[in-house]
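# Reading the structure
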Amino acid sequence: MAETQTKGTSKFNFEQCLKCSICTVYCPVSTVEPTYPGPKQSGPDNERYRMKNPEFFDEALKLCLNCKRCEVACPEHVKVGDLIQKARIQYSTHKPSLRDRMLASTDLVGTMAHTLAPLTNFALSLGLTKQVLHSVMKIDKHRQFPSYSLQTFEQWYRKHASEQERFKRHVTYFHGCYANYNFPQLSRDLVKILNACGIGVRLLSKEKCCGVAMIANAMYKQAKSQAQTNIKSMREAVERGEPVLTTSSTCTFTMRDEYPHLLEVDNADVRDHLTLATRWLYQQIEAGRLRLAFRKDYHHRMAYHSACHMERMGWVVYSTEMLRMIPGVELIMLDSQCCGIAGTYGFKKENYERSQTIGAPLFKQIHELAPDFVACDCETCKWQIEMSTGFEVKNPISILADALDVEATRRLNGE
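Because the structure is a prediction, the values reported are computed rather than measured. (Residues numbered from 1 in each chain as written. Predicted model: local features only at pLDDT ≥ 70, side-chain atom pairs only at ≥ 80, totals over all residues. Heavy atoms only, no water.)

## Some points on the overall build of the protein chain
Summing up its helical and strand segments, the protein chain has 23 helices and 8 strands in all. For 415 residues, the compact-globule estimate of 2.2 N^0.38 gives 22 Å, and the C-alpha radius of gyration of the protein chain, at 21 Å, lies within 12% of that figure. Principal axes of the C-alpha set define a box for the protein chain whose edges measure 65 × 50 × 40 Å. Looking at the protein chain as a whole, 59% of its 415 residues qualify as buried. (Helix = DSSP H or I, 4+ residues; strand = E, 2+ residues; numbered from the N terminus. Rg over C-alpha atoms; globule rule 2.2 N^0.38 Å. Buried < 20%, exposed > 50% of the residue type's maximum accessible area, 1.4 Å probe, protein only.)

## So, the pattern of salt bridges
Inspection of every chain in the model, using the stated rule, returns 25 salt bridges. With a shortest N-O distance of 3.1 Å, Glu242 and Arg240 are connected by a salt bridge. By relative accessible area, Glu242 is classed as buried at 4%. Among the residues examined, Arg240 registers a relative accessible area of 41% and is labelled partly exposed. Among the charged side chains, a network of salt bridges with common partners joins Arg99, Asp100, Lys348 and Glu350. (Salt bridge = Lys/Arg side-chain N within 4 Å of Asp/Glu carboxyl O.)

## Thoughts on the packing of helix α6 (residues 80-91) against helix α16 (residues 249-262)
Closest axis-to-axis distance for the α6/α16 pair is 10 Å, and the angle between their directions is 50°. Taken together, the axis directions place α6 and α16 in an arrangement best described as oblique. Where α6 crosses over α16, the handedness of that crossing is right-handed. For the pair α6 and α16, contact is made by Asp82, Gln85, Lys86 and Ile89 and by Glu258, His261 and Leu262, respectively. Of the residues belonging to the contact of α6 with α16, the class tally is 2 nonpolar, 2 polar and 3 charged. (Axes fitted to C-alpha atoms, helices over the stretch in contact; angles between N-to-C directions. Parallel < 35°, antiparallel > 145°, perpendicular 65-115°, else oblique. Left-handed = near helix turned anticlockwise from the far one by under 90°. Contact = heavy atoms within 4.5 Å. Nonpolar A, V, L, I, M, F, W, Y, C, P; charged D, E, K, R; others polar.)

## Focus: the state of the cysteines
The final tally for this structure, using the stated rule, is 0 disulfides. Unpaired in this structure, Cys381 has its nearest cysteine sulfur neighbour in Cys378, at a distance of 3.7 Å. Cys381 gets classed as buried once you look at its relative accessible area, which sits at 6%. (Disulfide = S-S within 2.5 Å.)

## Side note on the packing of aromatic side chains
For the structure on display, the rule yields 10 aromatic pairs. Aromatic pair Phe57 and Tyr91: ring centres 6.2 Å apart, planes at 45°, arrangement tilted. Taken as a pair, Phe57 in the loop between α4 (39-52) and α5 (69-73) and Tyr91 in helix α6 lie far apart in primary sequence, 34 residues in all. Ring centres 6.0 Å apart and planes at 25° place the aromatic pair Tyr178 and Phe183 in the stacked group. (Phe/Tyr/Trp six-rings, centres within 6.5 Å; stacked < 30°, edge-to-face > 60°.)

## Quick word on the pairing of strand β5 (residues 300-304)
As judged from the 5 bridges shared by β5 and strand β6 (residues 329-333), these two strands associate in the parallel manner. Each bridged residue has a counterpart across the sheet, and for Tyr304 the counterpart in β6 is Met333. Taken together, the 3 bridges between β5 and strand β7 (residues 373-375) define a ladder with parallel strand orientation. Among the inter-strand pairings, Tyr304 is bridged to a residue of β7, identified as Ala375. (Pairing = 2+ DSSP bridges.)

## Digging into the nonpolar core
In this structure, Leu194 and Ile326 are the most contacted members of the largest nonpolar core, which totals 77 residues. Considering every element that reaches this core, the biggest residue donor is helix α13 (residues 184-196), with 6 residues. Each residue touching Leu194, except ones within four places of it in the same chain, is listed here: Val171, Ile199, Val201, Leu245, Trp280 and Leu281. With 26 residues, the next largest nonpolar core counts Phe14, Leu63, Val80 and Tyr91 among its residues. (Core = buried A, V, L, I, M, F, W, Y, C linked by side-chain atoms within 4.5 Å.)

## Some details on the sheet that holds β6
Strand order in this open sheet of 4 strands is β6-β5-β7-β8, and the pairing throughout is parallel. Strands at the two margins of the open sheet, each flanked by one partner only, are β6 and β8 (393-394). Packed onto the sheet, helix α19 (residues 316-324) meets β5, β6 and β7 and runs at close to 155° relative to β6.

## Topic: the pairing of strand β2 (residues 199-203)
Counting buried residues in β2 gives 4 out of 5 residues, a clear majority hidden from the surface. As judged from the 5 bridges shared by strand β1 (residues 169-174) and β2, these two strands associate in the parallel manner. Counted as the bridge partner of Arg169 is Ile199 from β2.

## Remarks on the sheet that holds strand β4 (residues 274-276)
Taken together, 4 strands build an open sheet; the order of strands is β2-β1-β3-β4 and the sheet is parallel. Single-partner strands in this sheet number two, and they are β2 and β4. The sheet shows a mean angle of 40° between the axes of neighbouring strands, taken without regard to direction. Strands in contact with helix α11 (residues 153-164) are β1 and β2; relative to β2, the strand with the most contacts, it is inclined by about 135°. Together, β1, β3 (244-246) and β4 form the strand contacts of α16, whose direction differs from that of β4 by roughly 155°.

## Here's the deal with a nonpolar patch on the surface
Together, Leu116, Leu119, Phe122, Leu126, Leu128, Val132 and Val136 make up an exposed nonpolar region whose accessible area comes to about 710 Å². At the level of elements, α9 (117-125) and α10 (127-137) are the ones that each hand at least two residues to the nonpolar patch. It is α10 that contributes the most residues to the nonpolar patch, 3 residues altogether. Mapped onto the secondary structure, Leu116 falls in the loop between α8 (106-115) and α9. (Patch = residues over 30% accessible without salt bridge, like charges linked within 9 Å, V, L, I, M, F, W, Y side chains within 5 Å. Areas by Shrake-Rupley, 256 points an atom, 1.4 Å probe, with all protein chains shown as cover.)

## Comments concerning the confidence of the model for the protein chain
In this model, the protein chain carries an average pLDDT of 94, and 97% of its residues clear a pLDDT of 70 or more. Within the model, the stretch residues 1-9 combines pLDDT values under 50 with 11 contacts to residues more than four positions away or in other chains. (pLDDT = per-residue confidence, 0-100.)

Written out as structure tokens, the structure reads:
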């Protein structure tokens, strides 16, 4: 038994842990929750015991946000967060509740909710609805749900797909659930930018939710099935010579890093072709293959929040440098700290207070700075910050699209 488990956990290099506890210092949960063992104990320390006897597994590991800040802090690059999540997959006896399944089934819920979007949005805003969800489903009554769009991005795209084929160059776009069901304007903003640069946008032949919510809610078989579907479709794009672009930092991180680490879905042949749109745009501009022109009347003072998974990938610089290319932008970097929502984590009644306590220092700083709006690459951070501060949060792609001088950009790119 020990040999099998050692083989399965060796890729997380827990033997390299120095026991320095830096990961615990940077853990948002350890700061506010005394019952949480902390990443060092939950990860590398207890892995040695779990390998000998699964009974050493502690269900308190469910308190982990999977923010990966422990991995960013680790001087030996131990995959502390992955150790914790893999232990949950292997040893937890927790079965997902109806609430967990509902929160994790983003495609199913999104399909139903957007069809009756005005009614759905109205119902979810009612105090009575929130109280019922709080009492029956254990979804905290203080949590605000994101609104749904009546028309999804996929529906919009089908009407414009033929227009995209006129371009000589193409990229493939993984839009994700949020930019399909909740805020399709983000997807349309990316299409606007790329079309102005003379690039057409194609979608995956078949796209499923990235699966991050399913991983968090112990629906591992479903998450793996969806991962396999996504990777298969991405291979088709890569074989056409097209990069696969995204607009969500968490979707990107999940598909690049958690598919092989946690779900054991091989993505080696597509991983380097899968990237955040701001990163790809920056690299194209640096290489002299694209040029952007911006409106002279665009002037805004914005604060940038570094989403946890953006920090783990090391890609914050691409989004912030793209924003700094806009002449009329004053960009302020917020302190690096977790907002506390961690996807579905902050929706749950038992986690809500902890979630808000974790995010409190960030909310305070935003109030003190009072920017025109906040920039962030993560949709769930957007929900948390907007609900907790009242300040609007925009994806850098939408900011670039708002500031873009479309006609001048077309001329610069020979369109």
